[in-house]
Amino acid sequence: MEWIDSLRKLLKEDQVTMNPTELERHSRDESYHAPHLPDVVVFPENREEVSRILRFANDREIPVTPFGLGSSLEGHVIPYKGGISVDFQRMNKILEVRPQDMLVRVQPGVTRSQLNRELKKYGLFFSVDPGADATLGGMAATNASGTTAVRYGVMRDQVRDLEVVLSDGRIIRTGGRAAKSSSGYHLTGLFVGSEGTLGLFTELTLRVFGIPEAIMAARAVFPTVKQAVNAAVSIISSGIPVARLELVDALSMKYLNEHSETRYPAAPTLFLEFHGNEAGLKRDVVFAEELAQGEECQGFQFETDTKARAKLWEARHHLAYAFIHRSPGKRLMVTDVCVPMSELAGAVEHARHALNQEGMEGGILGHIGDGNYHVLMMIDPTDPRDVEKAEKINASIVEYALGRGGTCTGEHGVGVGKIRYLRREHKEAVDVMMSIKQALDPKGILNPGKKLPPR
Ligand SMILES: Cc1cc2nc3c(=O)[nH]c(=O)nc-3n(C[C@H](O)[C@H](O)[C@H](O)COP(=O)(O)OP(=O)(O)OC[C@H]3O[C@@H](n4cnc5c(N)ncnc54)[C@H](O)[C@@H]3O)c2cc1C
């Protein structure tokens with residue numbers, strides 16, 4: 001293609017590739033959504049190059065899809081209209097740690113574990129922890145969260161400032177370093193979660209936290225999922241400042257044990273973690289355990305030493321891979337609703353019922369401390385019956401959540417997989433979202449076909 005030769009002139013030779021392996025790697029995410037190749041992949045090294053790429057693409061109306069690690073789950077990075085896949089892996093520098101401000105400034109290709117390795121030297125940590133070792137640019141673009149959101153918040157709560165390259169190549173900053181601001185519109189909040197459809201992030205300023213003085217992790221096993229959920233709801237509504245509160249059902253515990261070589265009981269389980277000082281933490285744990293016992297939990301199994309605690313959370317983080325690795329040839333379909341806490345027990349019961357009704361195997365797990373849970377199913381994307389069944393289950397779970405004040409996606413985002421539910425969830429507000437998209441990307445080059453329904 002003629003335009004690719006012109007694009008090559010904007011960058012160094014090794015920054016532009018049409019290598020088939022690279023095109024393939026940028027044609028898919030971790031989900032069941034059908035892949036599609038980009039025409040070309042580029043690896044910018046600084047903001048000026050990103051700006052040049054966008055100006056070029058905008059002039060010629062060439063689609064641009066930003067790419068972090070490609071771990072998203074709703075087809076976000078799949079370039080369905082071809083064009084340029086912009087991979088941020090070479091923009092992976094931690095630019096500045098500001099311990100007194102509890103802030104860090106990073107390039108978008110830095111991964112969450114890379115950042116935490118660096119922050120540990122300062123006694124600090126970055127809280128958001130999705131199951132994949134995702135990039136911070138990708139995490140900001142999906143408004144990711146994870147096991148600690150119940151205490152520290154989601155990605156949107158951590159981003160203080162973004163440097164964004166707009167579709168026409170202009171470079172803007174959306175915030176600052178101040179802890180509060182009432183100035184202007186909240187552009188940072190708008191760009192976080194925009195899934196590469198409004199601009200490309202070239203720098204992020206993020207909040208970080210001090211590593212707590214004391215940490216305790218525990219497992220609590222229950223006779224039924226419903227009792228585990230009820231216990232979680234009681235713990236949250238009693239105001240105990242739990243730092244992590246995760247549900248894993250019996251099937252998922254079985255697969256988790258197989259994958260992580262653990263010997264935890266294969267029964268509905270809550271994984272909990274408490275952060276604080278020794279004295280306060282002991283009180284919190286005793287109270288939480290009492291509440292759990294009210295739901296026939298046999299007591300907390302504490303993981304006291306650092307190694308056992310790390311093992312427990314590693315096993316939890318690798319749970320989706322436990323499903324993926326035992327089903328070669330199949331792809332992951334994962335639901336992602338979030339409901340108000342008062343609706344959680346009913347929602348999880350309904351999800352199990354939906355699986356049973358379709359005769360589909362699936363694990364139920366989630367960050368239930370904030371009402372967000374997932375059903376994990378492994379499907380053969382080439383088998384229309386498999387896809388149909390999984391989509392029916394997903395639709396039923398989303399419908400249930402929307403009918404009770406919930407959302408179709410708690411943390412994974414819309415991509416292409418959730419577009420069909422946007423009108424139902426946001427009604428006329430979708431038109432306002434479309435106006436914003438039109439204002440910021442009038443030629444529709446940024447990640448086209450994602451996040452919003454077609455005009
Ligand atoms: C096993 C597993 C477990 C997971 N667990 C969780 C979880 O607990 N919580 C959770 O929230 N998610 C989870 N996810 C989903 C995924 O990890 C997150 O969505 C993550 O935020 C994606 O980051 P990434 O770097 O892989 O981004 P990508 O997948 O590469 O991109 C995601 C989106 O961000 C855009 N983007 C990427 N970089 C930029 C940039 N610099 N500027 C603008 N837009 C950009 C892309 O175009 C795309 O729309 C999980 C995924 C897997 C495979």
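Per chain, the residues get numbers from 1 upward, laid out in the order the sequence is written. This being a predicted model, a pLDDT of at least 70 is required before a residue's local features are given, and a value of 80 or more before pairs of side-chain atoms are given or counted; all residues contribute to the totals for chains, interfaces and linings. Just so you know, side-chain values use all the structure's heavy atoms and leave hydrogens and water out.

1. Examining the overall build of the protein chain
Stage number 1. Each helix is a run of DSSP H or I of at least 4 residues and each strand a run of E of at least 2, with the numbering of both proceeding from the N terminus. The helix and strand inventory of the protein chain stands at 17 helices and 18 strands.
Stage number 2. Only the C-alpha atoms count toward the radius of gyration. The rule for a globule is 2.2 Å times the residue count to the power 0.38. The C-alpha atoms of the protein chain give a radius of gyration of 22 Å, which matches the 23 Å a tight globule of 455 residues would have.
Stage number 3. Of all 455 residues assigned to the protein chain, the portion counted as buried reaches 56%.
Stage number 4. Where accessible areas are quoted, they stem from the Shrake-Rupley method and a 1.4 Å probe; at the residue level, only the protein chains shown are allowed to cover. Split by element, the accessible area of the protein chain, about 19100 Å² in all, is 51% carbon and sulfur.
Stage number 5. Placing the 55 positive and 59 negative side-chain charges of the protein chain at their respective mean positions leaves the two points 2 Å apart. Note on exposure labels: buried denotes an accessible area under 20% of the residue type's maximum, exposed denotes more than 50%, and partly exposed covers the range between, all computed with a 1.4 Å probe on protein chains only. Positive: Lys, Arg. Negative: Asp, Glu. His and the chain ends are not part of the count. Charge coordinates come from a single atom per side chain, which is NZ of Lys, CZ of Arg, CG of Asp or CD of Glu.

2. Overview of the sheet that holds strand β18 (residues 372-379)
Stage number 1. Between any two strands, at least two bridges found by DSSP are needed for them to pair. With antiparallel pairing, seven strands are arranged side by side in an open sheet as β15-β12-β14-β13-β17-β18-β16. Strands at the two margins of the open sheet, each flanked by one partner only, are β15 (300-303) and β16 (331-334). Mean inter-strand twist for the sheet, computed between neighbouring axes without regard to direction, equals 20 degrees.
Stage number 2. The pairing of strand β17 (residues 363-367) with β18 spans five bridges and is classified as antiparallel. Paired with His367 across the bridge in β18 is Asn372.
Stage number 3. Sheet strands in contact with helix α9 (residues 225-237) are β13 (242-248) and β14 (269-276), and its direction is about 165 degrees off that of β13.
Stage number 4. In what follows, a contact means two residues having at least one pair of non-hydrogen atoms within 4.5 Å. To obtain an axis, a line is fitted to C-alpha atoms, over the contacting stretch when the element is a helix, and the angle between two such axes runs from 0 to 180 degrees between their N-to-C directions. The sheet contacts of helix α10 (residues 250-260) involve β13, β14 and β17, and relative to β17 the element is tilted by about 90 degrees.

3. Side note on the pairing of β13
Stage number 1. Counting buried positions over the seven residues of β13 gives seven, a clear majority of the element.
Stage number 2. Relative to β14, β13 runs antiparallel, the two sharing six bridges. Paired with Glu246 across the two strands is Phe271, which belongs to β14.
Stage number 3. As paired elements, β13 and β17 share two bridges and run antiparallel to each other. Bridging from a neighbouring strand, Leu247 pairs with Gly366 of β17.

4. Things to note about the site of the ligand
Stage number 1. Around the ligand lies a shell of 36 residues, among which Pro66, Gly68, Ser71, Ser72 and Thr135 are the nearest.
Stage number 2. Here Gly68 contributes a backbone N or O atom positioned 2.7 Å from an oxygen atom of the ligand.
Stage number 3. The contact in question runs from a nitrogen atom of the ligand to an N or O atom on the backbone of Phe201, over 2.9 Å.
Stage number 4. Relative to its unbound accessible surface of 980 Å², the ligand loses 98% to contact with the protein.
Stage number 5. Mapping the ligand onto the cavity grids shows that it belongs to the largest cavity.
Stage number 6. Mapped onto the shell around the ligand, the elements with two or more residues apiece are β3 (64-67), α5 (136-142), β10 (200-207) and α13 (319-325).
Stage number 7. For the shell around the ligand, the leading source of residues is α5, giving five residues.
Stage number 8. Counted by class, the shell around the ligand contains 17 nonpolar, 16 polar and three charged residues. Neighbouring residues are identified by heavy atoms, a residue being near a molecule or strand if any of them is within 4 Å of it. What qualifies as a polar contact is a pair of N or O atoms within 3.5 Å, subject to a donor-acceptor requirement within protein and to the restriction that residues adjacent in sequence count only when both atoms come from side chains. Buried and open spaces are told apart on a 1 Å grid over the protein atoms alone, a cavity being a set of points where a 1.4 Å probe fits but cannot get out and a pocket being an open set with protein on both sides within 12 Å along at least five of seven lines. Residues with an atom within 4 Å of a point are the lining residues. Each molecule is checked against the cavity or pocket grid, and it sits inside if more than half of its atoms lie within 2 Å of the grid points. Gly is placed with the polar residues, together with every amino acid not listed as nonpolar (Ala, Val, Leu, Ile, Met, Phe, Trp, Tyr, Cys and Pro) or charged (Asp, Glu, Lys and Arg).

5. As for unusual backbone geometry
Outside of glycine, negative phi angles account for most residues, and trans bonds account for most peptide bonds.
Stage number 1. Positive phi values are uncommon outside glycine, yet Met102 reaches one of about 55 degrees.
Stage number 2. On the secondary structure map, Met102 appears in the loop between β5 (94-98) and β6 (103-106).

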